[in-house]
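Observations on the model geometry
So you can see what is in the structure, the chains are spelled out below.
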Amino acid sequence: MAERIEQRLEDRIPELEQLERVGLFTRKEVRAVLRKSSALEYKIQRRALRKEDFINYIQYEINLLELIKKRRARIGYSFKKDEIENSILHRVHCVFNRATGKWKDDLQLWLSHVAFCKQWNAKHQLSKVFSTMLAIHPNKPALWIMAAKWEMETQLSSESARHLFLRALRFHPECPKLYQEYFRMELMNAEKQRKEKKEFEQAKMDLGEFSYSEEILNGEMACIIYRDAAQKIKGVEFHLAMLSIAKLFDFTQDLQKEILESLQSKYVDDPLTWDYMARRELELGSLQATQHTTKQMKVSEMTQREERCSAVFEEAVRAVSTEDMWKCYITFCLERYNRKTNSAELKQKRLQRTLSVFNKAHESSLLPEALYKQWLQLLLESNLFEKAKEVAEAATKCFSLSVEVWQMRLQVLIQLKSNDVNQCFEEAMKHMKSKGTLPLWTLWVEWSEGTNSKEDTEALYQRALHATTPSESVTIKEKYLDWSYRCGGYKKVKRVFTSLCESRPFSLDFFRKMIQLEKEQESCKMLHLREYYERALREFGSTDSDLWLDYIKEELRHPQGKPENCGSIHWRAMKMLQGNLVEDFISKYTLLQTGHL
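Here the structure is a predicted model, which means the values were calculated and not measured.

Notes on the overall build of the protein
Across its full length, the protein holds 29 helices and zero strands. The C-alpha radius of gyration computed for the protein amounts to 37 Å, which surpasses the reference 25 Å derived for 597 residues by more than 25%, pointing to a less compact arrangement than a globule. Each of the three principal axes of the protein carries a C-alpha extent, and together these read 100 × 80 × 50 Å. Counting across all 597 residues of the protein, residues that qualify as buried make up 46%. Long-range pairs, those at least 24 residues apart, make up 60% of the contacts in the protein between residues at least 6 apart in sequence. For the protein, the computed accessible surface area is about 33,000 Å², with 50% contributed by carbon and sulfur atoms. Counting 95 positive and 87 negative side-chain charges, the protein places the centres of these two groups 4 Å from one another.

Put into structure tokens, the structure is as follows:
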């Protein structure tokens, strides 16, 4: 091993001598590079190899290349690259090859090598890397696409890219992404050849025996790919993706027509097909911009286009009367409504259309639960308050077991300061089971705090504690404690805290809140603080080291504290804390003793 390392270090000497001779590095820097290289070489030549050592080696060499590049730019020297950079590049490739050979499954290593080759324009080496990587990882379509794109865009070889895509499809015959990128590549190749041919014709150059394939120029290759893919891959999303790619090229009208016809024949009952056909009306027959085009003409033309879209959607919801179809229609209406326009008339028409569609979907009992919220927001924004109340009530009839829908209705009533809020809360609770009702109880007590008497609110808190599940009651307890202090001061909150301590579970914040309230009093009593800390430690003493530390700090710093108690608190903490928390407690306790905490 030592001989091999010595040989590799000797191989470096010519490049290092050149670095010093041309003034890129000083002798001292050259020696430092040699020392570092020696240490790195030993690490990657030992028996027990570590991936980190290879990565560190490669990173050091890359940093060295970057430094040389900066030094060259600074002194304006651009010679001797074969003797210096090429030697380092060759070494980095060798180390990458060793690393990827040892850790074949580490995709990040392979991709790092690919990135390195691209950065330093090592085309021949990159071709080898792609070939080896794909042989080991043929199950990853993204790698095939990456390799094919490189062949097409960098190597300008459509043949090699096509060959890679065909090989990839043998491994992944039903991969939509592979077909889409292969389809795109063939269209890009056709576009490129069409431009070349046009330029040659304009220059009146004789092409001799060379001729362009009409099949490629007309996009026939892409058409074959689409037909093949359409037989293997089902689903409207794939056809729409292919159509969106085809639309990027101005010579694919026939191809677009074929895809569209296939969509309409195979997926006539799919909402996405109708959605595309309707939205297509926005693009068709657009007004040609002229000097005489007025704003009113533009508004009129946009109104007509949106009405054509709406007409297709109306036909769609008659033909395919499903929730998904109505959702597509409503989404379109909301998108158009939210678009900025200076025309009040157009904005009003969009609003009326959107509200009308919401209403029709609701009357058909096909409005999804999530869309009721958007409908209500729109009604409230438009100051249609009575309609909003009516819709909110209808939503709770349709989804009587949904906490979110009841919450939505109640928020509308609260916002409108209705007299029916309390009645609605009672109605909601009749439909709900105790589990999952926390959002409703939280909303109810928050509303009651600002509206009802203290007695009614307290009774509601007591009711909420019994009605919610134990885990949900934790939040109610925290809110109850906070409200008690705000409305009745310290004596009131102390009584509430004592009563709540009779029923588990609790949160740590419940106790922390009480400790904080005690500390805010002018006559803060250590006796009370001890009670709160002891209660908290009974619940959380095994899982929270900071609680013990805070208790110790209080004994040390409070005027009524007893520093002599700290030893016993420390001993109890060591017994109760679990796992790594003991070490955490010891380190923080040490900092506390030295005055750093």
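After that view of the structure, there is still more to cover.
Observations concerning the environment of H124
Checked against the element boundaries, H124 lands in helix α6 (residues 123-136). In sequence terms H124 and T475 are 351 residues apart; their C-alpha atoms lie 65 Å from each other.

Regarding the pattern of salt bridges
The tally for this structure, following the rule as stated, stands at 47 salt bridges. Among the salt bridges present, the one from R162 reaches E159, with a minimum N-O distance of 2.7 Å. Of this pair, R162 and E159 both sit in helix α8 (residues 158-171), three residues apart, which is roughly one turn of that helix. A relative accessible area of 55% places E159 in the exposed class. Note that R409 and E427 form a salt bridge whose closest N and O atoms lie 3.8 Å from each other. You can see R409 sitting in helix α20 (residues 403-415) and its partner E427 sitting in helix α21 (residues 421-431), a full 18 residues away along the chain. The exposure class of R409 is buried, given its relative accessible area of 10%. On the accessibility criterion, E427 (29% relative accessible area) is partly exposed.

Considering the packing of helix α12 (residues 236-246) against helix α14 (residues 271-283)
Relative to each other, α12 and α14 sit at 30°, their axes nearing to 9 Å. The pairing of α12 with α14 is recorded here as roughly parallel in orientation. Pair α12 / α14 crosses with right-handed handedness. Taking contact as the criterion, the partners of V236, E237, L240 and L243 in α12 are, on α14, L272, T273 and Y276.

Focus on the confidence of the model for the protein
Across the protein, the average pLDDT comes to 92, with 97% of residues at 70 or higher. Predicted confidence for residues 287-291 stays below pLDDT 50, and this span has four contacts to residues more than four positions away or in other chains.

What about the domain arrangement of the protein?
Its domain assignment divides the protein into domain 1 (1-103), domain 2 (440-505) and domain 3 (525-596). Centre-to-centre separation of domain 1 and domain 2, based on C-alpha positions: 70 Å.

Looking at the packing of aromatic side chains
Inspection of the entire model under this criterion finds 28 aromatic pairs. Where Y372 meets W375, the ring centres are 6.0 Å apart and the plane angle is 35°; that geometry is what we call tilted. With a gap of three residues between them, Y372 and W375 both fall in helix α18 (residues 369-381), about one helical turn apart. With relative accessibility at 2%, the residue Y372 sits in the buried group.

What about unusual backbone geometry?
A negative phi angle is the norm for most residues apart from glycine, just as the trans form is the norm for most peptide bonds. The peptide bond linking R504 to P505 adopts the cis configuration, its omega dihedral lying at 0°. Inspection of the secondary structure puts P505 in the loop between α24 (470-500) and α25 (508-520). At N121, a position not held by glycine, the phi torsion is positive, near 55°. Within the secondary structure, N121 is located in the loop between α5 (107-119) and α6. With a phi close to 55°, K417 is a non-glycine residue in the positive phi region.

Re α25
Note on helix geometry: an α-helix contains 3.6 residues per turn, so any two residues three or four positions apart are oriented the same way. Along its 13 residues, α25 runs 19 Å from first to last C-alpha, staying within 8% of the 18 Å computed at 1.5 Å per residue. Those residues of α25 that sit buried are L508, F510, F511, M514, I515, L517 and E518. Against α24, α26 (526-540) and α27 (545-557) lie the buried residues of α25.

Some points on the UniProt feature "domain: U3 small nucleolar RNA-associated protein 6 N-terminal" (unreviewed entry) in the protein
Feature annotation in UniProt places "domain: U3 small nucleolar RNA-associated protein 6 N-terminal" (unreviewed entry) on residues 9-91, given in this structure's numbering. Secondary structure content for residues 9-91 is 77% helix and 0% strand, while the C-alpha to C-alpha distance between its ends is 11 Å.

Cut-offs used in this document
- Residues numbered from 1 in each chain as written.
- Predicted model: local features only at pLDDT ≥ 70, side-chain atom pairs only at ≥ 80, totals over all residues.
- Heavy atoms only, no water.
- Helix = DSSP H or I, 4+ residues; strand = E, 2+ residues; numbered from the N terminus.
- Rg over C-alpha atoms; globule rule 2.2 N^0.38 Å.
- Buried < 20%, exposed > 50% of the residue type's maximum accessible area, 1.4 Å probe, protein only.
- Contact = heavy atoms within 4.5 Å.
- Areas by Shrake-Rupley, 256 points an atom, 1.4 Å probe, with all protein chains shown as cover.
- Lys, Arg positive; Asp, Glu negative; His and termini not counted.
- Charge placed at Lys NZ, Arg CZ, Asp CG, Glu CD.
- Salt bridge = Lys/Arg side-chain N within 4 Å of Asp/Glu carboxyl O.
- Axes fitted to C-alpha atoms, helices over the stretch in contact; angles between N-to-C directions.
- Parallel < 35°, antiparallel > 145°, perpendicular 65-115°, else oblique.
- Left-handed = near helix turned anticlockwise from the far one by under 90°.
- pLDDT = per-residue confidence, 0-100.
- Domains from an automatic or database assignment.
- Phe/Tyr/Trp six-rings, centres within 6.5 Å; stacked < 30°, edge-to-face > 60°.
- Expected span 1.5 Å × (residues − 1).
- UniProt positions renumbered as here; feature names shortened; annotations may be inferred.

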